[in-house]
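One letter stands for each residue in the lines below.
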Amino acid sequence: MFIFDAHLDLSMNAMEWNRDLTLPVSEIRKKEKGMVDKPDRGKNTVSLDAMRKGNIGLCVATQIARYVKPGNKLPGWHSPQQAWAQTQGQLAWYKAMEDAGEMIQVSNKKELTAHLKAWKNDKENTPIGYILSLEGADSIIDLSYLQKSYDQGLRAIGPAHYGPGTYAFGTDSIGGIGKKGKELLKEIEGLRLILDATHLCDQSFWETMDVYEGAIWASHNNCRKFVDHNRQFSDDQLKELINRNAVIGMALDAWMMVPNWVRGKSTPESTGVSLLHMIQNIDHVCQLAGNSLHVGIGTDLDGGFGLEQSPKDLDTIADLQKIPGLLKDKGYRKEDIENIMSNNFIRFLEKNLPN
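Residues numbered from 1 in each chain as written. Predicted model: local features only at pLDDT ≥ 70, side-chain atom pairs only at ≥ 80, totals over all residues. Heavy atoms only, no water.

**Structural notes on the pairing of strand E2 (residues 58-63)**
For clarity, the threshold we go by: Any residue under 20% of the maximum accessible area for its type is buried, any over 50% is exposed, and the rest in between are partly exposed; the area is computed with a 1.4 Å probe on protein chains only. The way it works is that DSSP assigns letters per residue, a run of H or I at least four long becomes a helix, a run of E at least two long becomes a strand, and they are numbered from the N terminus. When DSSP finds two or more bridges between two strands, those strands count as paired.
Within E2, six of the six residues are buried, which leaves the element mostly enclosed by the surrounding structure. Inspection of the sheet shows strand E1 (residues 4-8) paired to E2 by three bridges, in the parallel sense. When the sheet's bridge partners are listed, Phe4 is paired in E2 with Leu58. Here E2 runs beside strand E4 (residues 128-135); their pairing, made up of six bridges, is parallel. Paired with Leu58 across the bridge in E4 is Gly129.

**Some words on the nonpolar core**
The following threshold applies: In this description, a nonpolar core means a group of buried Ala, Val, Leu, Ile, Met, Phe, Trp, Tyr and Cys residues linked to one another through side-chain atoms lying within 4.5 Å. In this description, contact between two residues means that some pair of their heavy atoms is separated by no more than 4.5 Å.
Core analysis: the largest hydrophobic core is formed by 105 residues, its most contacted members being Leu10, Met51 and Ile282. Ignoring sequence-local partners within four residues, the contact set of Ile282 consists of Met250, Val295, Ile297, Leu327, Tyr332 and Ile340.

**Observations regarding helix H4 (residues 80-99)**
Short version of the rule: To estimate the expected span of a helix, subtract one from its residue number and multiply by 1.5 Å.
With 20 residues, H4 should reach 28 Å at 1.5 Å per residue; the first-to-last C-alpha distance of 29 Å fits that figure. Among the residues trailing H4, Gly101 stands out with phi positive, at a value near 80°.

**Examining the packing of aromatic side chains**
Using the following cut-off: Any Phe, Tyr or Trp ring, taking Trp's six-membered ring, that has another such ring centre within 6.5 Å forms a pair; planes under 30 degrees apart are called stacked, those over 60 apart edge-to-face, and the others tilted.
Overall, the coordinates contain nine aromatic pairs when judged by the stated rule. Aromatic pair Phe205 and Trp206: ring centres 4.9 Å apart, planes at 85°, arrangement edge-to-face. Residue Phe205 is classed as buried on the basis of its relative accessible area of 0%. Trp206 sits in the partly exposed class, given a relative accessible area of 34%. Consider the rings of Trp217 and Phe345, whose centres lie 5.4 Å apart with planes at 85°: the pair is edge-to-face. Residue Trp217 is located in strand E7 (residues 216-217), and its partner Phe345 is located in helix H13 (residues 334-352); the two are separated by 128 residues in the primary sequence. Just as Trp217 is buried, Phe345 falls in that class too.

**Considerations on the side chain of Gln63**
Heads up, the condition is: Throughout this description, a polar contact denotes any pair of N or O atoms lying within 3.5 Å of each other; where both atoms belong to protein, one of them has to be capable of donating a hydrogen while the other can accept it, and for residues adjacent in sequence the pair is counted only when both atoms sit in side chains.
Inspection of the secondary structure puts Gln63 in strand E2. At 3.0 Å, the side chain of Gln63 and the backbone oxygen of Thr87 are in polar contact. In this view, Gln63 contacts Ser11, Thr87, Gln88, Gln90, Leu91, Leu132, Ser133, Leu134, Glu135 and Leu154; residues no more than four positions away in its chain are not counted.

Shown next as structure tokens:
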């Protein structure tokens, strides 16, 4: 089945983890054998080869560079200019992948239609399509840089990531959107960008809902019902997004799937975390909506974690092909499964991308 993944940090892996994503996952793991600078070394799950094997022909691919103000203990860049430059390096990698015939940017409805047709007719020789998204807006030095990003093909943006940001407060922080945040939201609406609500803290989320009227999705966000943490969305937040015709992508980071995960100690085996936990989250959104039209896949695989923090029944991203069978076992019809695996996000893009 064709799969759309709404959140992959591909350029971060290429540029910061120094992974050649044109290689098979097994080859990347071999290159990282013995490396200890990051906990997920030798445990990666994503490569373009694995995506192709899993029929993941279209994704949302990110740029990400956090600016941390003095006193902020989170890792990140020490100026917005440095953060902007980092995103430009990430963009250069995507463009190099285009030149190599590995990827192709999808930035409007015409390109979306053409890519889906090409993949269906000859997926072996069609580059993997990507929609460019910015995770956290701290690299937007001022609003003129949002126009520059749009001109480069940016089509979705999340105002915050972790901690306090320039335009909003993110995961594990408390605060509102303020004057700068409201100005950013107005500019997002004016450019008809897609707002990604993922990572907004509760206060920033609800303040955003009060003033923002444009297209909105949550690319990689699970349900607070199952893991009671501010990174997840409450039922009220999920219902708000559903009422706004959003699509919510379900993530595969283990700590977001099972309660009481302890980083560095818990393991997929000790907690029993599996793809069934993704099904649990998918089903919950469908029950809240009363249909299968508002949920999709947004794995966040290799978003700073690997096999040590992934479902125990997943080796590479190609194993997303197990999900349709699990949904069928749950009682979902083929049409509903196709909605979840790709069609919901595709219809959203058909409605909200520029002509």
